[in-house]
Amino acid sequence: MQRILLFLYSLRAFLLFILLEVIAIWLIVSYNTQQGSVFFNSSNQLSGKILGTKNNVSEYFSLREVNTRLVDTNAELLAELEMYRKPADSVFIELDSTLMASFEFKGAKVINNSIRLSQNHLTLNKGANQGIKPGMGVFNGQGVVGRVKGVSDNFATVISLLHTELLVSSKIESTEVFGSIKWDGASPKNAKLLYVPRHVKVQVGDKIVTSGYNAVFPEGIAIGKILEVNQGTDTNYLDITVELSTDFTRVSYVYLVENTIEAELDSLYINSELINERQ
Amino acid sequence: MNANKIFLLVGGFIIYLLVQILVLKNLVLFGAAFCFLYILYLLLLPIETKTIPTLLIAFVMGLAVDLFYDTLGIHTASLLTIAFIRRPWIKILTPTGGYDEDLQPSLLNMGFGWFTTYSLPLLIIFNSFFFFIESMGTDLFVPVVQKIIASAIFVFVMSIIVQLLFYRRRRGL
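Residues numbered from 1 in each chain as written. Chains lettered and ligands numbered in written order. Predicted model: local features only at pLDDT ≥ 70, side-chain atom pairs only at ≥ 80, totals over all residues. Heavy atoms only, no water.

1. Topic: the UniProt feature "transmembrane region" (unreviewed entry) in chain A
- According to UniProt, the feature "transmembrane region" (unreviewed entry) maps to residues 7-29 of chain A in the numbering used here.
- Taken end to end, residues 7-29 of chain A is 96% helix and 0% strand, and its two terminal C-alpha atoms sit 32 Å from one another. (UniProt positions renumbered as here; feature names shortened; annotations may be inferred. Helix = DSSP H or I, 4+ residues; strand = E, 2+ residues; numbered from the N terminus.)

Structure below.
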């Protein structure tokens, strides 16, 4: 017995190594679920504070660009608003309110971002106290950015679109053909459009937007445009490369969107025993 | 181990950590060369540091870096690996006549040749672990190998520069 103990004691460094390594691997595995615990990531209070302070300093260097983009967005919104303005002599008929949009929007600042790994995340400066919930869609003026993974009281972690496991339900705007956008891990400028059947005619340069089928993003938020179409190795689907419209190297302010009827949709899917892809 | 030395160890830990997460996190050359300079802290622990303290330091440091990279556990697992093989590796590399007592295995103390044979394999092992775990489930072999080699070389060059600028002979930091 004593020998066994002595033997184990002589191996103590190795045993500690194994123990710690197992803990690390357990963390890796448990964190890789889509919406995991939020304590050990960049949205916990301490790291959030540090990243926020850092961002307070570094944001001055991008103010000029943020301003121009805000002005651009304002101009676009004003133009759009003009279309909805009622002429004085018209009669306004309100349509069925169930057809009205069921989305709520919020704004937030990005305080941490990565683009070069194969599973990238962002950190936002708003959290549960400001009404951010896991599962909300994230986009900016240019296009889709990602999806909220977890929130703490004042910070939120977002799975970037540049994450090899995030799928975004999308469609080709001109032909209404559906597919899923998935990043292939290579360049932060490009992603793949999956599940487009071979018989579909696809034009290089066509715009890709969100489909609105996944109940995370409203319909029609830009994702990118088609850069290249190949026959690919898969016998059923085309191999389409998409140039992303969002410039992930300089994402500074984002909008969050929440579908207020997502829960209802989900329970409908469950009741009718359909599998909601929740992409 | 006197108070001054403990202060240097703890201070070095915090400085490396802060520099890594605030500055070097945003530094990626050519989209492939990552700068994981905080490994240097582990590499430059005094030669006679036992494996168990090294492992504990590596665990804490890895977790702290993971927190900010949102790569929970990946830095930790890779750093633990090199923390474990560091001591045997130093033993293998013992020069004739053995090590001086209380020595930091740095470039200035041990010379360029020794430091290269000591640090470069450890850096390559760290980066291999990191990028293979990180890209698990994707079929990106060539980019991953590119990242491993580029990062290892980049960190190596950076570590030489940092040591020449901020380290003195025989004494740390």
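2. Considering the side chain of Ser78(B)
Residues and elements named next belong to chain B.
- Here Ser78 shows up in helix 4 (residues 74-92).
- Of the polar contacts made by the side chain of Ser78, one reaches the backbone oxygen of Ile74; its length is 2.7 Å.
- When near neighbours in sequence (up to four residues on either side) are disregarded, Ser78 contacts Phe126, Phe129 and Phe130. (Polar contact = N/O pair within 3.5 Å; in protein donor to acceptor, adjacent residues only side chain to side chain. Contact = heavy atoms within 4.5 Å.)

3. A short note on the packing of aromatic side chains
- Within this structure, the stated rule accounts for 22 aromatic pairs over all chains.
- Centroid distance Phe36(B) to Phe130(B): 4.9 Å. Interplanar angle 65°. Geometry classified as edge-to-face. Residue Phe36(B) is located in the loop between strand 2 (33-34) and helix 2 (39-43), and its partner Phe130(B) is located in helix 6 (residues 112-134); the two are separated by 94 residues in the primary sequence. Accessibility assignment for this pair places Phe36(B) and Phe130(B) in one class, buried.
- Measuring from ring centre to ring centre gives 6.1 Å for Phe36(B) and Phe131(B), while their planes differ by 35°; the resulting arrangement is tilted. With Phe36(B) in the loop between strand 2 and helix 2 and Phe131(B) in helix 6, the pair connects residues that are 95 residues apart, well separated along the chain. Both residues of the pair, Phe36(B) and Phe131(B), count as buried.
- Taken together, the ring pairs in this structure connect Phe34(B), Phe36(B), Tyr38(B), Tyr69(B), Phe126(B), Phe130(B) and Phe131(B) into an aromatic cluster.
- The ring of Tyr9(A) carries Arg12(A) above its face, with NZ or CZ at 4.3 Å from the centroid.
- Lys25(B) extends its terminal NZ or CZ atom over the ring of Tyr69(B), reaching a point 5.4 Å from the ring centre. (Phe/Tyr/Trp six-rings, centres within 6.5 Å; stacked < 30°, edge-to-face > 60°. Buried < 20%, exposed > 50% of the residue type's maximum accessible area, 1.4 Å probe, protein only. Lys NZ or Arg CZ within 6 Å of the ring centre and 35° of its normal.)

4. Describing the confidence of the model for chain A
- Looking at chain A as a whole, its pLDDT mean stands at 80, while 86% of the residues score no less than 70.
- The lowest-confidence element of chain A is helix 5 (residues 262-271) of chain A, averaging 73 in pLDDT; the highest-confidence one is strand 11 (residues 239-244) of chain A, averaging 89. (pLDDT = per-residue confidence, 0-100.)

5. Points about the interface of chain A and chain B
- Each side of the interface is counted separately: chain A has 34 residues, and chain B has 34 residues.
- A combined buried area of about 3000 Å² lies between chain A and chain B, and 71% of that area is made up of carbon and sulfur atoms.
- Applying the counting criterion to the chain A and chain B interface returns zero salt bridges.
- For the pair chain A and chain B, the interface holds five residue pairs in polar contact (both at pLDDT 80 or more).
- Those elements giving two or more residues to the side of chain A that touches chain B turn out to be helix 2 (12-31), helix 3 (45-58), strand 1 (103-113) and strand 2 (119-124) of chain A.
- For the side of chain A that touches chain B, the leading source of residues is helix 2 of chain A, giving twelve residues.
- Of the residues contributing to the side of chain A that touches chain B, the split by class is 15 nonpolar, 14 polar and five charged. (Buried area = accessible area lost by both parts, 1.4 Å probe. Salt bridge = Lys/Arg side-chain N within 4 Å of Asp/Glu carboxyl O. Nonpolar A, V, L, I, M, F, W, Y, C, P; charged D, E, K, R; others polar.)

6. Description of the pairing of strand 1 of chain A
Residue and element names in this part refer to chain A.
- Here strand 1 pairs with strand 12 (residues 253-259) via seven bridges, running antiparallel. Bridge pairing links Glu104 to Glu258 in strand 12.
- Looking at chain direction, strand 1 and strand 2 are connected through three bridges and run antiparallel. Across the sheet, residue Val110 finds its bridge partner in strand 2, namely Leu124.
- The hairpin turn running from strand 1 into strand 2, its antiparallel successor, is five residues long. (Pairing = 2+ DSSP bridges.)

7. Overview of the nonpolar core
- Residues Phe36(B) and Leu79(B) are the most contacted members of the largest nonpolar core, which totals 66 residues.
- In this structure, Leu79(B) is in contact with Tyr38(B), Ile39(B), Leu42(B), Ala58(B), Met61(B), Gly62(B) and Phe126(B), ignoring residues within four places of it in sequence.
- Of all hydrophobic cores here, the second largest spans 44 residues; its members include Ile115(A), Val138(A), Val144(A) and Phe217(A). (Core = buried A, V, L, I, M, F, W, Y, C linked by side-chain atoms within 4.5 Å.)

8. Considerations on a nonpolar patch on the surface
Residue and element names in this part refer to chain A.
- On the surface, Met1, Ile4, Leu5, Phe7, Leu8, Phe14, Leu15, Ile18 and Val22 cluster together into a nonpolar patch covering about 880 Å² of accessible area.
- If you list the elements that add at least two residues to the nonpolar patch, you get helix 1 (2-10) and helix 2.
- Mapped onto the elements of the fold, Ile18 is located in helix 2.
- Residue classification places Ile18 among the partly exposed residues on the basis of a relative accessible area of 35%. (Patch = residues over 30% accessible without salt bridge, like charges linked within 9 Å, V, L, I, M, F, W, Y side chains within 5 Å. Areas by Shrake-Rupley, 256 points an atom, 1.4 Å probe, with all protein chains shown as cover.)

9. A look at the pairing of strand 8 (residues 190-194) of chain A
Residues and elements named next belong to chain A.
- One ladder, built from three bridges, connects strand 7 (residues 177-182) with strand 8; its direction is antiparallel. In the sheet register, Ile181 faces strand 8, and the bridge partner there is Leu193.
- Relative to strand 11, strand 8 runs antiparallel, the two being bridged by four bridges. Considered in strand 11, the bridge of Ala191 is made with Val242.

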